[in-house]
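# Results of the structural survey
What follows is each chain in one-letter form.
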Amino acid sequence: MEPLERLLNLVGLLLETRTPLTFEQIRQTLEPYGQERVDSAKRMFERDKDILRDYGVPLELVDTDAWGTEQGYVIPKEKYYLPEISFSPEELGALLVAAQGVQNDTPAEEAVRKLMVGVEGGVLAGLAGGPLASGSDARGSLVMAVAAAAQAHRRVRFGYRTSQGNASDRDVDVYTALFRTGHWYLVGFDHERDEARSFRLSRFTTDLTNVGEGGEPPEGFRAADLVQAGPWVASGEERATIALSPEVAWWATSSLVGAEPIRTRDDGWVEVSLPVADERELAPLILQLGPDAVVVAPSTLRDEVVARLEALVG
């Protein structure tokens, strides 16, 4: 096993454990530490602990019971995961101006990208790529227009194409612009559907048209609740059921955003429910898991995965 894989497995195990694990329990669970020579396994574990702590992972040694008779290791989730990162329209505008002033692949651009994206989710969650000035997959001018509309609380109209290819005009009070995992979103109140919704800017078919003064978001409103992080997720109205092998279920369930375990089958496979707005973007992720992932439902997602496999073979 490669060192990176070993470290990821250790992080995943200590994040998901319900109780602190002793070194012996870790040895019994993770194969690399289960080698015959205990002293060698212990030295490897101590090196891995130091590496994780150097990278800021809050790996802690705590009492396993109220009497302190034994100690175990754990990674507290509340210390590991970053809180939701959000920006006011003024802050968003300042970051966009900063991004416009740097060249691609510079330390400044990388720093701005990290501030704007926010790391979240699980062990394998990553940062979005692409030039910030263009909002990754959205035109920079459109991002600025949405930010300005949010700041002025404007009501706007625009053409929009859903992930299924359906096009229509939308009439929306703009609440905010939000950047999540590589995509820009307009979040606001959709008058025709009489509810708050999110709209991915890369699916806009027209520019914004100002309609007039719009309403403000209700007290306690959180735009991030309407945009679950993940390239396959938008509003998350539809869900898919995926069966995962025992070998990957423990980390995949915690890494896939929005994943909800349904049941563990008699053969040890775990069925999970995933929010999905675009089956074409979820299919490649399932293929990356190889034989350790099987689509249970819907049939359209299963057909999409099969079609991609047949294309690879052909």
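Residues numbered from 1 in each chain as written. Predicted model: local features only at pLDDT ≥ 70, side-chain atom pairs only at ≥ 80, totals over all residues. Heavy atoms only, no water.

### Describing unusual backbone geometry
Formally: In DSSP terms, a helix is any run of H or I states spanning at least four residues, a strand is any run of E spanning at least two, and both are numbered starting from the N terminus. Buried means the residue's accessible area, taken with a 1.4 Å probe over protein chains only, is under 20% of the maximum for its type, while exposed means over 50%, and partly exposed covers the values in between.
Going from A297 to P298, the amide bond is cis rather than trans, its omega being 0°. By the element assignment, P298 lies in the loop between β11 (293-297) and α10 (299-313). The backbone phi angle of H153 is positive, close to 55°, even though this residue is not glycine. Summarising the element assignment, H153 is placed in the loop between α7 (140-151) and β3 (154-161). Unlike most non-glycine residues, D194 shows phi in positive territory, near 55°. In this structure D194 comes out as exposed when scored by relative accessible area, which is 58%.

### As for the sheet that holds strand β10 (residues 270-276)
Worth spelling out the cut-off: Think of it this way: DSSP has to see at least two bridges between two strands before they count as a pair. Every axis corresponds to a line fitted to the C-alpha atoms, with the helix fit spanning only the stretch in contact, and the corresponding angles, defined between N-to-C directions, vary from 0 to 180 degrees.
One open sheet holds the four strands; their spatial order is β9-β10-β8-β11, and the pairing between them is antiparallel. Unpaired on one side and paired on the other, β9 (260-264) and β11 mark the two borders of the sheet. Across the sheet, the mean angle separating the axes of adjacent strands is 30° when strand polarity is ignored. Where β9 and β10 come together, four bridges link them in antiparallel fashion. When the sheet's bridge partners are listed, P261 is paired in β10 with V272.

### Some points on the environment of H153
Rule in force here: The contact definition used throughout considers only heavy atoms, calling two residues in contact when any of these lie within 4.5 Å.
On the basis of relative accessibility, which here comes to 27%, the residue H153 falls in the partly exposed class. The spatial distance from the C-alpha of H153 to the C-alpha of G188 is 9.8 Å, given a sequence separation of 35 residues. Not counting the four nearest positions on each side in its chain, H153 is found in contact with V174, E213, G214 and E216.

### Description of the environment of Y185
Structurally, the position occupied by Y185 is in strand β5 (residues 183-190). Under the relative-accessibility criterion, Y185 is labelled buried at 3%. Sequence separation between Y185 and L226 is 41 residues, and the spatial gap between their C-alpha atoms is 9.9 Å.

### Comments concerning the nonpolar core
Worth spelling out the cut-off: Remark: nonpolar core denotes a set of buried residues (Ala, Val, Leu, Ile, Met, Phe, Trp, Tyr, Cys) joined through side-chain atoms within 4.5 Å.
By size, the foremost hydrophobic cluster in this structure holds 19 residues, and its most contacted members are L10, L14, I26, Y33, F45, L52 and I75. Listed by contribution, the elements that provide at least two residues to this core are α1 (3-16), α2 (23-29) and α3 (38-54). By residue number, the principal contributor to this core is α1, which donates six residues. When near neighbours in sequence (up to four residues on either side) are disregarded, F45 contacts L10, F23, I26, Y33 and Y73. V272, V276, A293 and V295 belong to the second largest nonpolar core, which has 18 residues in total.

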